[in-house]
Amino acid sequence: MSRTWFSDRTPVGIGLRHVHYHDALAAPADIDFFEVHSENFFARGGATLGVLEEVAGRYPVSLHGTSLGLGSVAGISPRHLDSLVQLADRISPALISDHAAFGQGVVGEQLVHAGDLLPIAFNESMLQVMTENVLQVQERLGRQILVENLSAYLEPPGSTLTETEFLTELAERSGCRLLVDINNLAVNAVNTGIENVAVSIKQWLDQIPATHVGEIHLAGCTPAQPGGLVIDDHSQKVSDTVWDGYHHAITRFGQVPTLIEWDTQLPEWQVLLNEANKARRIAEKACNALSENSFQEQPV
Amino acid sequence: MTLCSDFQPGLLSAILDDSDHHEFDRRGLEAYRRNLEANARRALAISFPVVHQLLGETRFADACRQYLRHSPLVAGDWAEWGDSFPEWLELSGLSEQLPYLPDMARLDWFSHQLGRTEDTQLNFESLQQLSASNAGAGHLVINPALRLLVSEYPVHSIWLAHNVEGSEQQALLTQAGKKLQDRAGETVIIWRKHWRTEIRAVSSAEQVWIECQQRKVNIDQSFEDLSQREDSHSFQFESWLPDAIENHIVIGYAAPEND
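Residues numbered from 1 in each chain as written. Chains lettered and ligands numbered in written order. Predicted model: local features only at pLDDT ≥ 70, side-chain atom pairs only at ≥ 80, totals over all residues. Heavy atoms only, no water.

*Asks:* Teacher, can you tell me more about the overall build of chain A here?
*Replies:* The secondary structure content of chain A amounts to 9 helices and 10 strands. Taken over C-alpha atoms, the radius of gyration comes to 19 Å for chain A, in line with the 19 Å a tight globule of 300 residues would show. Counting only C-alpha atoms and orienting by the principal axes, one finds that chain A spans roughly 65 × 45 × 45 Å. For chain A, the share of sequence-separated contacts (at least 6 apart) that also reach a separation of at least 24 residues comes to 79%. (Helix = DSSP H or I, 4+ residues; strand = E, 2+ residues; numbered from the N terminus. Rg over C-alpha atoms; globule rule 2.2 N^0.38 Å. Contact = heavy atoms within 4.5 Å.)

*Asks:* Just checking my understanding: could you explain the confidence of the model for chain B for this structure?
*Replies:* For any part of a model where pLDDT is low, the fine detail of the predicted coordinates should not be relied upon. Chain-level statistics for chain B give a pLDDT mean of 93 and a share of 96% at 70 or above. Looking over chain B, one finds the lowest element-wise mean pLDDT in helix α1 (residues 4–16) of chain B, namely 88, and the highest in strand β1 (residues 139–142) of chain B, namely 98. (pLDDT = per-residue confidence, 0-100.)

*Asks:* Sorry if this is basic, but what is going on with the interface of chain A and chain B here?
*Replies:* Interface extent is often summarised as the accessible area lost during association of the parts. At the interface, 47 residues of chain A touch 37 residues of chain B. The junction of chain A with chain B conceals about 3200 Å² of combined surface from both sides, 62% of it contributed by carbon and sulfur atoms. Seen at the junction of chain A and chain B, the total is 1 salt bridge. Its salt-bridge partner being Glu80(B), residue Arg79(A) comes within 3.1 Å of it at the nearest N-O pair. Linking chain A with chain B are 14 residue pairs in polar contact (both at pLDDT 80 or more), by the criterion used here. Elements with a contribution of two residues or more to the side of chain A that touches chain B: α2 (47–58), α3 (78–91), β5 (102–107), β6 (110–118) and α4 (124–141) of chain A. No other element matches the 9 residues that β6(A) contributes to the side of chain A that touches chain B. Class assignment of the residues belonging to the side of chain A that touches chain B gives a composition of 23 nonpolar, 19 polar and 5 charged. (Buried area = accessible area lost by both parts, 1.4 Å probe. Salt bridge = Lys/Arg side-chain N within 4 Å of Asp/Glu carboxyl O. Polar contact = N/O pair within 3.5 Å; in protein donor to acceptor, adjacent residues only side chain to side chain. Nonpolar A, V, L, I, M, F, W, Y, C, P; charged D, E, K, R; others polar.)

*Asks:* I would appreciate a short explanation of the sheet that holds strand β4 (residues 196–202) of chain B in the present structure.
*Replies:* In sheet architecture, strand pairing relies on hydrogen bonds along the backbone and comes in two forms, parallel and antiparallel. Residues and elements named next belong to chain B. One open sheet holds the 3 strands; their spatial order is β2-β3-β4, and the pairing between them is antiparallel. Of all the strands in the sheet, the pair left with one neighbour each is β2 (147–150) and β4. Geometrically, the sheet is characterised by an average inter-axis angle of 20° between neighbouring strands, direction not taken into account. In this sheet, β4 lies alongside strand β3 (residues 187–193) in antiparallel orientation, the contact comprising 7 bridges. (Pairing = 2+ DSSP bridges. Axes fitted to C-alpha atoms, helices over the stretch in contact; angles between N-to-C directions.)

*Asks:* Teacher, can you tell me more about the layout of surface pockets here?
*Replies:* To locate leftover empty space, one rolls a probe as large as a water molecule over the atoms. Residue and element names in this part refer to chain A. The calculated volume of the second largest pocket comes to roughly 690 Å³. In this structure, the second largest pocket is lined by 28 residues; those nearest its centre are Phe122, Glu155, Glu163, Asn188 and Thr192. Secondary-structure elements contributing two or more residues to the lining of the second largest pocket are α5 (163–174), α6 (182–191) and α7 (197–206). (1 Å grid on protein atoms, 1.4 Å probe; cavity = no way out; pocket = protein on both sides within 12 Å on 5 of 7 lines; lining within 4 Å. Points joined across faces, edges and corners; volume = space filled by probe spheres on them.)

*Asks:* Mind showing me how you'd approach unusual backbone geometry here?
*Replies:* Excluding glycine, a negative phi dihedral is what most residues carry, and trans is how most peptide bonds are arranged. Of note in the backbone geometry, Gln265(A) takes a positive phi value of approximately 50° without being a glycine. Following the sequence through the fold, Gln265(A) ends up in the loop between β10 (258–260) and α9 (269–297). Taking the relative accessible area as the measure of exposure, Gln265(A) reaches 59% and is therefore exposed. The phi angle at His194(B) is positive, at roughly 55°, despite the residue not being glycine. Relative to the helices and strands, His194(B) resides in the loop between β3 and β4. (Buried < 20%, exposed > 50% of the residue type's maximum accessible area, 1.4 Å probe, protein only.)

*Asks:* How should the packing of α7(A) against helix α8 (residues 240–253) of chain A be read in this particular structure?
*Replies:* For any two helices packed against each other, the geometry is given by the interaxial angle and the distance between the axes. Residues and elements named next belong to chain A. Packing of α7 against α8 brings their axes to within 10 Å, and their N-to-C directions diverge by 25°. Taken together, the axes of α7 and α8 are roughly parallel relative to one another. For the crossing formed where α7 meets α8, the hand is right-handed. Along the contact surface, α7 presents Val197, Ala198, Ile201, Lys202, Leu205 and Asp206, while α8 presents Thr241, Asp244, Gly245, His248, Ala249, Arg252 and Phe253. Broken down by class, the residue content of the contact of α7 with α8 amounts to 6 nonpolar, 3 polar and 4 charged. (Parallel < 35°, antiparallel > 145°, perpendicular 65-115°, else oblique. Left-handed = near helix turned anticlockwise from the far one by under 90°.)

*Asks:* In this structure, what is going on with α6(A)? I would like to understand it.
*Replies:* Side chains that are three or four residues apart share a direction in an α-helix, a result of its 3.6 residues per turn. All names here are of chain A. By the criterion of burial, α6 is predominantly enclosed, with 9 of the 10 residues buried. In this structure Asp181 caps α6, since a side-chain oxygen of it lies 3.0 Å from the backbone nitrogen of Asn183. Downstream of α6 by a residue or two, Gly193 has a phi angle that is positive, lying close to 80°.

*Asks:* Help me understand the side chain of Arg17(A), please; the structure alone is not making it clear to me.
*Replies:* Residue placement: Arg17(A) occurs in the loop between β1 (12–15) and α1 (21–26). Other than its neighbours up to four places away in sequence, Arg17(A) contacts Glu35(A), Val36(A), His37(A), Trp262(A), Asp263(A) and Leu266(A).

*Asks:* Which parts of the structure should I look at to understand the sheet that holds strand β9 (residues 213–218) of chain A?
*Replies:* All names here are of chain A. Spatially, 8 strands are ordered β1-β2-β3-β4-β7-β8-β9-β10 in a closed barrel, and the strand pairing comes out parallel. Neighbour-to-neighbour, the strand axes of this sheet turn through a mean angle of 25°, independent of strand direction. Strand direction decides the pairing type here: strand β4 (residues 95–99) and strand β7 (residues 146–148), joined by 3 bridges, are parallel. Residue pairing across strands places Ser97 opposite Leu146, the latter belonging to β7. Packing of α3 onto the sheet brings it into contact with β3 (61–64) and β4, and relative to β3 it is tilted by some 175°.

*Asks:* How do you make sense of empty space enclosed by the protein when you look at a structure like this?
*Replies:* Residue and element names in this part refer to chain A. In total, this model carries 2 cavities of 30 Å³ or more according to the counting rule given. There is about 40 Å³ of room inside the largest cavity. Examining the composition of the lining of the largest cavity, we find that 4 residues originate from one element, α3, more than from any other. For the lining of the largest cavity, the per-class residue count stands at 5 nonpolar, 2 polar and 2 charged.

*Asks:* How should the environment of Phe166(A) be read in this particular structure?
*Replies:* All names here are of chain A. Here Phe166 is to be found in helix α5. For Phe166, a relative accessible area of 0% puts it in the buried group. Between the alpha carbons of Phe166 and Gly15 there is a distance of 27 Å; along the sequence they are 151 residues apart. Once residues within four sequence positions are removed from consideration, Phe166 is found in contact with Ile120, Ala121, Phe122, Asn123, Met126, Leu127, Met130 and Leu161.

Structural data, given as structure tokens:
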């Protein structure tokens, strides 16, 4: 069973991938939690699940889904949800999350899955679909989930709300919390041609009520080819722009659990630990600045 | 296309086929198509490592692309995708060049699935009943995850040659090549001992014995069936049983009243 965090510092975790299983278990790391992709552990048994159980015995674990399809008009796959419930029962995760995206739909007469996180329109109709899906998942799990903002490579037609309005309303209607991925904000800003990405990120963060935020994701990605889109491939160190946004996020949201995500071109374990330490230092600095400001604002 | 109920299947359909869809932003659509193909290739490379090696990077990527159009992903778990890949390979031109490819794919898939099945435990108590005088009326419980593959090709030898590295591999490849030339088929069993996948070739007599136990034919009758075969002498039950228990091929004994 997973421990929960009792630390008085900002909990900082690492996305745990196959190549680092041994590192994670070989020696205690100064890591507050590990996050894994839920779908990678949907097996009924075997070594991979065994490793996760061992990790969960030592650290809090966060289950992060990539294919629940919370924004799917076709609904949530009952089988997928069963697998998630079974895994959650087995691991007792500290957090469970997925994305504000759709994954499956009926093409011809066949239900197909994109195996990807596809964008949704931000409007009342989608809000109803997503609220219903999130409520269904939370009811089956018997707990609150977190929903992550997406990096989208095309803009679905029909949006009548901003992304922040949509997510805020979703959190209020469903009782879910939000997982704010700051690199996704940077990717979307670059891909839509926004000149001042850093300002755009801060504006987005300022529009989200602090009480709704339950986790932050930090990642880096490969720069775009000329004329191409930036793809959120989680293949690099966190960029300066994203670190800057993170500092701002902590001043807005407080000591929110923070994850270093790295999924492709995985580096040495120590690189991930260094990124986690950097996140902790920035979070600490942001919290100190926050305390100083609060102190200065006290009436004399 | 403003309703999300139209947009979602429309985008999925556009990602899955190769034609131009002008209603979607071209760069975005291409990004999703590339991502889907990369995910599919990564998933099949994990599930079919020997097929991946046999085909090489370019032909494997091409096969993945074609298979994806033929059998799109239907659930969100990539690890469950690919069960019809062996049959698809059988019908593809690739199996004309490498006729043993579909059977190697079957073996890959069995192995992949084995890594995901429920963990099994030895039932020691039940095995103690084997010393009873009427033990022949019951049957042995074969590991439920064990799969048996009868092939016209030397699948075990090819498998071994692609699961070792270094100097040993060349010798095994030569050996497998020789068996292919000799048209020597092999029957294999593949199962899991604790967390490790095991594979070995079996004689036709052992195959018959295992199949009898899987069909819950009682031990006495299984011996009777086996004795009808010319090669029955190649199966020695007394030495086979302890080894089969030790290796989790047999995980228990079912007395007749328990069936």
